[in-house]
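# Close look at the chain arrangement
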Amino acid sequence: MTDTTFTPRVFSGIKPSGGLTLGNYLGAIKRFVGMQGQMETVYCVVDLHAITVWQDPKELANMTREVAAGYLAAGLDPSSSILFNQSQVAGHAELGWIFNCVARVGWMDRMTQFKDKAGANAEKVSLGLYAYPSLMAADILLYHATHVPVGDDQKQHVELTRDIAAKFNHDFKTDFFPITEPVIEGPATRIMNLRDGTKKMSKSGESDMERINMTDDADKIAKKFKKAKTDPEPLPETVEGLADRPEARNLVEIYAALDETTPEAVIAQYPGAGWGTFKPALADLAVAKLSPISDEMARFMDDPAEIDRILGAGSEKARAIAEPILRKTYDIVGILRS
Ligand code: AMP
Ligand code: TRP
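Residues numbered from 1 in each chain as written. Chains lettered and ligands numbered in written order. Predicted model: local features only at pLDDT ≥ 70, side-chain atom pairs only at ≥ 80, totals over all residues. Heavy atoms only, no water.

## Some thoughts on helix H1 (residues 22–35)
- For H1, built from 14 residues, the straight-helix expectation of 20 Å at 1.5 Å per residue is met to within 8% by its first-to-last C-alpha distance of 19 Å.
- Along H1, the helix axis deviates most sharply at Ile 29, where the bend reaches about 30 degrees.
- Along H1, twelve of the 14 residues are buried, which leaves the element largely enclosed by surrounding structure.
- Considered for burial, the residues of H1 that qualify are Leu 22, Gly 23, Asn 24, Tyr 25, Leu 26, Gly 27, Ala 28, Ile 29, Lys 30, Arg 31, Phe 32 and Met 35.
- Phi turns positive, to about 90 degrees, at Gly 37, one or two residues after H1. (Helix = DSSP H or I, 4+ residues; strand = E, 2+ residues; numbered from the N terminus. Expected span 1.5 Å × (residues − 1). Bend = angle between axes of the 7 residues up to and from the residue. Buried < 20%, exposed > 50% of the residue type's maximum accessible area, 1.4 Å probe, protein only.)

Written out as structure tokens, the structure reads:
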């Protein structure tokens, strides 16, 4: 094996499977924007991942545009990041198939997200949902990405990507694929549900009151934080006092992430504060940070043709990176190309 060094490159993606949440913004998009300019950045709307569960064909294109609008409104610049939707670069599905033949069923069986999503219904879910992490590995490795910023819930999938790269390299006696680093840092790697601090805030949770959507207006944001579940105690005097208080800790972490500071600094600013003080302050901060973004999202959504143009141009740039990597992969596997 030769010692290959890989150019630093970021890849990440979000599924167009419902409206973007504050979890997506703080755990993913805001951090994507932060990495822009530091190295090459490739950001994707992963529509092929979305259809692992049923998506209404009349809605899917628009939800894809909405995630793209979220990226753009939050500050991703298509001239410094590559921005596209997954299905426009056929190499994702092609490399995904190769990886289906590298990954082992036993590895997939250990994926906690699959177990959570499939639940007792595992016989009835799509085969795609089961193979999902292998497609995710393909997304990342099709670009030889070295860094993958994600929320905490995706850690296991990025670790599986490393296992797939290592097994491919081992089986084919090569060092062609990099061993990618998950980038999971900052106070917002796991934003919790506002009604139950033990569950992740997600697009698909049953009640709208449990999440903040990036498109919620000021009244909705204030109402949702006001009704957010907490325990009866006020905020502690030090951050250690948040241990075993999942709802309180979540609200402090959201504040810290929005204000680009740490939970320690938030507690130092509001030591011993009651919820009647802290919740309105948090709502004001969230509105101040989110409303310019949601206004900008709405502006982008008024011009879908422009979004489509940006995604089309981004797909071309993505293909230019992906095609030689896919071609080389086929060569390594020994597949005839004529
Ligand atoms: P998804 O909406 O499942 O496609 O997630 C897209 C990205 O947002 C992934 O990097 C997730 O880890 C991240 N994300 C989603 N929900 C949350 C959350 N509640 N807290 C932190 N990150 C999240
Ligand atoms: N699986 C990720 C999620 O549900 C989305 C995703 C698909 C992704 N492909 C990716 C994230 C590649 C990072 C890199 O959140």
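## What to know about the pairing of strand S1 (residues 9–14)
- Among the six residues in S1, five count as buried, and that is most of the element.
- Here six bridges tie S1 to strand S2 (residues 40–45), and the two strands are oriented parallel to one another. What sits directly across from Arg 9, in S2, is Glu 40.
- Once the chain exits S1 it traverses H1 before rejoining the sheet at S2, and the crossover so formed is right-handed. (Pairing = 2+ DSSP bridges. Right-handed = clockwise from strand over helix to strand, strands pointing away.)

## Section: the site of ligand 1
- If you check the shell around ligand 1, you find 18 residues, and the closest are Lys 15, Gly 151, Asp 153, Ile 191 and Lys 203.
- Contact distances for ligand 1 include 2.8 Å between an oxygen atom and a side-chain N or O atom of Lys 15.
- Gly 151 has a polar backbone atom sitting 2.8 Å from an oxygen atom of ligand 1.
- Taking 480 Å² as the accessible area of ligand 1 by itself, protein coverage stands at 94%. (Near = heavy atom within 4 Å. Polar contact = N/O pair within 3.5 Å; in protein donor to acceptor, adjacent residues only side chain to side chain. Areas by Shrake-Rupley, 256 points an atom, 1.4 Å probe, with all protein chains shown as cover.)

None of the figures reported here should be taken as evidence of function without further support.
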